[in-house]
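So the chains spell out like this:
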Amino acid sequence: MIKLVIFDQDGTLYKRDNQLMLTIRKLTKDWLMKSLNLSYTEVENLYKELPKKYPNPYYGFKSLGLEVENYMSEVFDKVNPSDYIEFNDKLYDFFKHSKLQKVLVTFASPQYTEELQSKLKIYDYYSKIIYGKELKTYSKR
């Protein structure tokens, strides 16, 4: 019997090809260019190669001498999710009426997450939200 459902945030509660995800990718690349003083071409190559060595982006950033907290404030906290996503009545109905315990796990910042979940009107339906930055291993497992 299922008692708990664990949700990933980005690309699960809304479509992965949403403009929100594209904006975050662009801001991430801009942040990498600025932080590492790289050209656009160098960042494009880094963006393709880094996940091969570091499947978790936080480890990839740390390998480059970058701080996760800076990434959060310079990328996620600069985005207003309400500009990119809309309320989804089916998703809301599921969260509102489901008796299952719901947990959210995300690598996004708390500020961004709260804004996104509030826009979807499902923030209050989670029994817990786990932020990847709080986990020593940066693993959602």
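Heads up: these notes are all about the structure in this document. Throughout, a residue's number is its position along its own chain's written sequence, starting from 1. Side-chain atom pairs in this predicted model are given and counted only at pLDDT of 80 or more, local residue features only at pLDDT of at least 70, and totals for whole chains, interfaces and linings cover all residues. Side-chain metrics in this entry use all non-hydrogen atoms of the structure; hydrogen atoms and water are not considered.

### Side note on helix 5 (residues 89–97)
For step 1, the next point in the chain: Each residue's exposure class comes from its accessible area (1.4 Å probe, protein chains only) as a fraction of the maximum for that residue type: buried when under 20%, exposed when over 50%, partly exposed otherwise. Where helices and strands are cited, they refer to DSSP runs of H or I of at least four residues and of E of at least two residues respectively, numbered from the N terminus. Taken together, the buried positions of helix 5 are occupied by Leu91, Tyr92 and Phe95. The arc that holds the buried residues of helix 5, viewed along the axis, is 100 degrees, so those residues lie on one side. Among the exposed residues of helix 5, those pointing more than 90 degrees away from its buried face are Lys90 and His97.
For step 2, the next point in the chain: Where helix 5 begins, one side-chain oxygen reaches toward the backbone nitrogen of Lys90, 2.9 Å away; that side chain belongs to Asn88. This arc is built from the directions going out from the helix axis to the C-beta atoms. In protein, a polar contact requires one atom able to donate a hydrogen and another able to accept it; more generally it is a pair of N or O atoms within 3.5 Å, and residues adjacent in sequence count only if both atoms are side-chain atoms.

### Brief notes about the sheet that holds strand 1 (residues 4–8)
For step 1, the next point in the chain: When DSSP finds two or more bridges between two strands, those strands count as paired. The strand order 1-2-3 describes an open sheet built from 3 strands, whose pairing is parallel. Taken across any chain shown, the strands that pair with only one partner, and hence form the sheet edges, are strand 1 and strand 3 (128–131). Sheet twist, expressed as the mean angle between neighbouring strand axes with direction ignored, is 20 degrees.
For step 2, the next point in the chain: Two elements, strand 1 and strand 2 (residues 101–106), share 5 bridges in a ladder whose sense is parallel. Directly across from Val5, in strand 2, lies its bridge partner Lys102. Helix axes use the C-alpha atoms of the stretch in contact, all axes being lines fitted to C-alpha atoms, and the angles between their N-to-C directions lie in the range 0 to 180 degrees.

### Observations regarding the pattern of salt bridges
When the charged atoms of two side chains with opposite charge come close together, those side chains can pair.
For step 1, the next point in the chain: By convention in these notes, a salt bridge is any Lys or Arg side-chain nitrogen within 4 Å of a carboxyl oxygen on Asp or Glu. Inspection of every chain in the model, using the stated rule, returns 3 salt bridges.
For step 2, the next point in the chain: Between Glu44 and Lys29 there is a salt bridge, with the nearest N and O atoms lying 2.8 Å from each other. With Glu44 in helix 2 (residues 40–53) and Lys29 in helix 1 (residues 19–36), this residue pair connects regions lying 15 residues apart in the sequence.
For step 3, the next point in the chain: Overall, Glu44 belongs to the buried group, its relative accessible area being 18%.
For step 4, the next point in the chain: Note on Lys29: relative accessible area 16%, which makes it buried.
For step 5, the next point in the chain: Put simply, Glu49 and Lys52 hold a salt bridge, and the shortest N to O gap is 3.1 Å. Note that Glu49 and Lys52 are positioned in helix 2 at a spacing of 3 residues, about one turn of the helix.
For step 6, the next point in the chain: Among the residues examined, Glu49 registers a relative accessible area of 45% and is labelled partly exposed.

### Observations concerning the packing of aromatic side chains
For step 1, the next point in the chain: Centres within 6.5 Å make a pair out of two Phe, Tyr or Trp rings, where for Trp the six-membered ring is used; the pair is then stacked when the planes are under 30 degrees apart, edge-to-face when over 60, and tilted otherwise. Under the definition given, this model contains 13 aromatic pairs.
For step 2, the next point in the chain: Ring centres 6.1 Å apart and planes at 75 degrees place the aromatic pair Tyr92 and Tyr125 in the edge-to-face group. Of the two residues, Tyr92 sits in helix 5 while Tyr125 sits in the loop between helix 6 (110–119) and strand 3, which places them 33 residues apart along the sequence.
For step 3, the next point in the chain: We count a charge as sitting over a ring when the NZ of a lysine or the CZ of an arginine lies within 6 Å of the ring centre and within 35 degrees of the ring normal. Positioned above the aromatic ring of Tyr47 is the side chain of Lys29, whose terminal nitrogen or guanidinium carbon lies 4.7 Å from the ring centre.
For step 4, the next point in the chain: In this structure, Lys121 packs its charged tip against the face of Phe87, placed 4.9 Å from the ring centre.

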